Amino acid sequence: MALQQQRKFLKIRGAAVTFQSHYKGLVERRKFNAHMYRKRCEWSAHIIHKYYLGWRVRRDMRRQFKSVAGPVLVRAARRWLRRKFLLTLRDNLPTSSPTCQEWPPCSPLFRDASRLLRDLHHQWRCSLYRQRIEDNPKRKAVILEKLVASSTFSGKKACYMASVGKPFLGDSLRLADDKRWMATATATNDPLVVWSGHVMKIHRASGTAIQKSLAITSKAFLVLETKTLKATYRVSLLNLQAISCSTLRDNIVVFHVKAGSDEAGRKGDFIFQAPRVIELITKTKRVAQDIQRAAFTVNISNQTVVRVKEAQVQMNFKQATQQQDAPACKRAGNKIEVLV
């Protein structure tokens, strides 16, 4: 009996211990889980806080990151290159002469800008050059004469390019200061001399040449005796029809005169071998245009017709096979051959 009760007591006590153990384990596990939950919450809050701090730092320091610093550096480098390009260009600009073709080299980055600045600079120095010409009437007159010469002879006369850089001399004989000329000018009423020089007057009938002096005035052209400067012929520029010359490197010029205009005109056209032939034709053309108030004709051809009294003579210019010191003129029948 006592043994059974003891066994029953032990069984009940074991069940109570087991029940208490399970209950205490459940309580402890709940405490542990609560503790771990708090730990995880604290860890999560810490992680979120660190991510937030990192985001804020990245936001505040974004300008210093490589993704932003790269474009900033590129922009700064381009600004520096532009500044260097402009300063270098400023210190190495070409001369103010419109004919200067020089221009400082530049980086391919500024090729378009350099081309635009070159055009603007050229326009500026051209306007400056034109303004200087406008302020100087003498210089303006010289440029206008050179312009007339260019429009008349450029690409047509072989000796034109050699005359471009040479100034026009005008009255090279200085007739305005010569008393002999003053007497002739008073008699013919030709005070203003536009061009003068020693020439060879080629005889129309035979082709032979004789030395004379030629003067182009504001009203006429005069053939003068070399020593006395007396007028052998005087032809008004109103009666001058045209001027002819060849395309070769010769200095022969033909003055075509209206038939029957006066005694000189009745004899026919005038043929001269003259120095500075480009200047002679240019100045005569300008004065004749001013007097006639019409376009004046300058024929540039290796064939022309020369009037000898009432006859028409063909004048041909040919290139000689051998080099000659001066053009040779020969008349044969109704032809005048000129070997250059």
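Residues numbered from 1 in each chain as written. Predicted model: local features only at pLDDT ≥ 70, side-chain atom pairs only at ≥ 80, totals over all residues. Heavy atoms only, no water.

Some details on helix H4 (residues 137-153)
Cut-off, in case you're wondering: Only DSSP runs of H or I with at least four residues qualify as helices, and only runs of E with at least two residues qualify as strands; both kinds are numbered from the N terminus onward. Every helix has an expected span of 1.5 Å times one less than the residues it contains. Partly exposed describes any residue whose relative accessible area lies between the buried limit of under 20% and the exposed limit of over 50%, with all areas from a 1.4 Å probe on protein chains only and scaled to the type maximum. The arc under discussion is defined with respect to the helix axis, by the directions toward the C-beta atoms.
If you check H4, its first and last C-alpha atoms are 24 Å apart, about what 17 residues at 1.5 Å a residue would give, namely 24 Å. By the burial criterion, the buried members of H4 are Glu145, Lys146, Val148, Ala149, Thr152 and Phe153. Seen end-on, H4 carries its buried residues on one side only, within an arc spanning 155°. Across H4 from its buried face, at more than 90 degrees, point the exposed residues Pro137, Leu147 and Ser151. Looking at the residues trailing H4, positive phi occurs at Gly155, about 75°.

Quick word on a nonpolar patch on the surface
As a reminder of what qualifies: Surface patches are drawn from residues lacking salt bridges whose relative accessible area is over 30%; two like charges belong together within 9 Å, two nonpolar side chains (Val, Leu, Ile, Met, Phe, Trp, Tyr) within 5 Å. For the accessible areas, the method is Shrake-Rupley and the probe is 1.4 Å, while residue cover comes only from the protein chains on display. Should a side-chain nitrogen of Lys or Arg be within 4 Å of a carboxyl oxygen of Asp or Glu, the pair is scored as a salt bridge.
Taken together, the side chains of Tyr52, Leu53 and Trp55 present a nonpolar region at the surface, about 290 Å² in accessible area. Mapped onto the elements of the fold, Trp55 is located in helix H1 (residues 2-60). Classification of Trp55 as partly exposed rests on a relative accessible area of 43%.

What to know about the nonpolar core
As a reminder of what qualifies: Buried Ala, Val, Leu, Ile, Met, Phe, Trp, Tyr and Cys residues form a nonpolar core when they are joined through side-chain atoms within 4.5 Å. By definition, residues are in contact when any of their heavy atoms lie within 4.5 Å.
Ranked by size, the top nonpolar core spans 33 residues in total, and within it Leu214, Phe221, Phe255, Phe270 and Phe272 carry the most contacts. If we ignore the near neighbours within four places in the chain, the residues touching Phe272 are Val199, Met200, Lys201, Leu214, Phe221, Val223, Asn251, Ile252, Val253 and Phe255.

Details of helix H8 (residues 277-292)
Taking 1.5 Å per residue as the helical rise, H8 with its 16 residues ought to reach 22 Å, and the 22 Å between its terminal C-alpha atoms agrees with that figure. Within H8 the residues assigned to the buried category are Val277, Ile278, Glu279, Leu280, Ile281, Thr282, Lys283, Thr284, Lys285, Val287 and Ala288. Looking one or two residues past H8, Arg293 carries a phi angle of roughly 55°, positive in sign.

Topic: the pattern of salt bridges
Two side chains of opposite charge can pair, provided their charged atoms sit close to one another. Tallied over the full model, the rule gives twelve salt bridges. Across the salt bridge formed by Asp178 and Arg180, the nearest N and O atoms sit 2.9 Å from each other. A salt bridge links Arg234 to Asp190; the nearest nitrogen and oxygen atoms lie 2.7 Å apart. One end of the pair, Arg234, is in strand S4 (residues 231-236); the other, Asp190, is in the loop between helix H6 (179-188) and strand S1 (193-202), with 44 residues separating them in the sequence. You can call Arg234 partly exposed: its relative accessible area is 31%. Connected via shared salt-bridge partners are Glu145, Lys283 and Arg286.

Nothing here speaks to function; it is all geometry.
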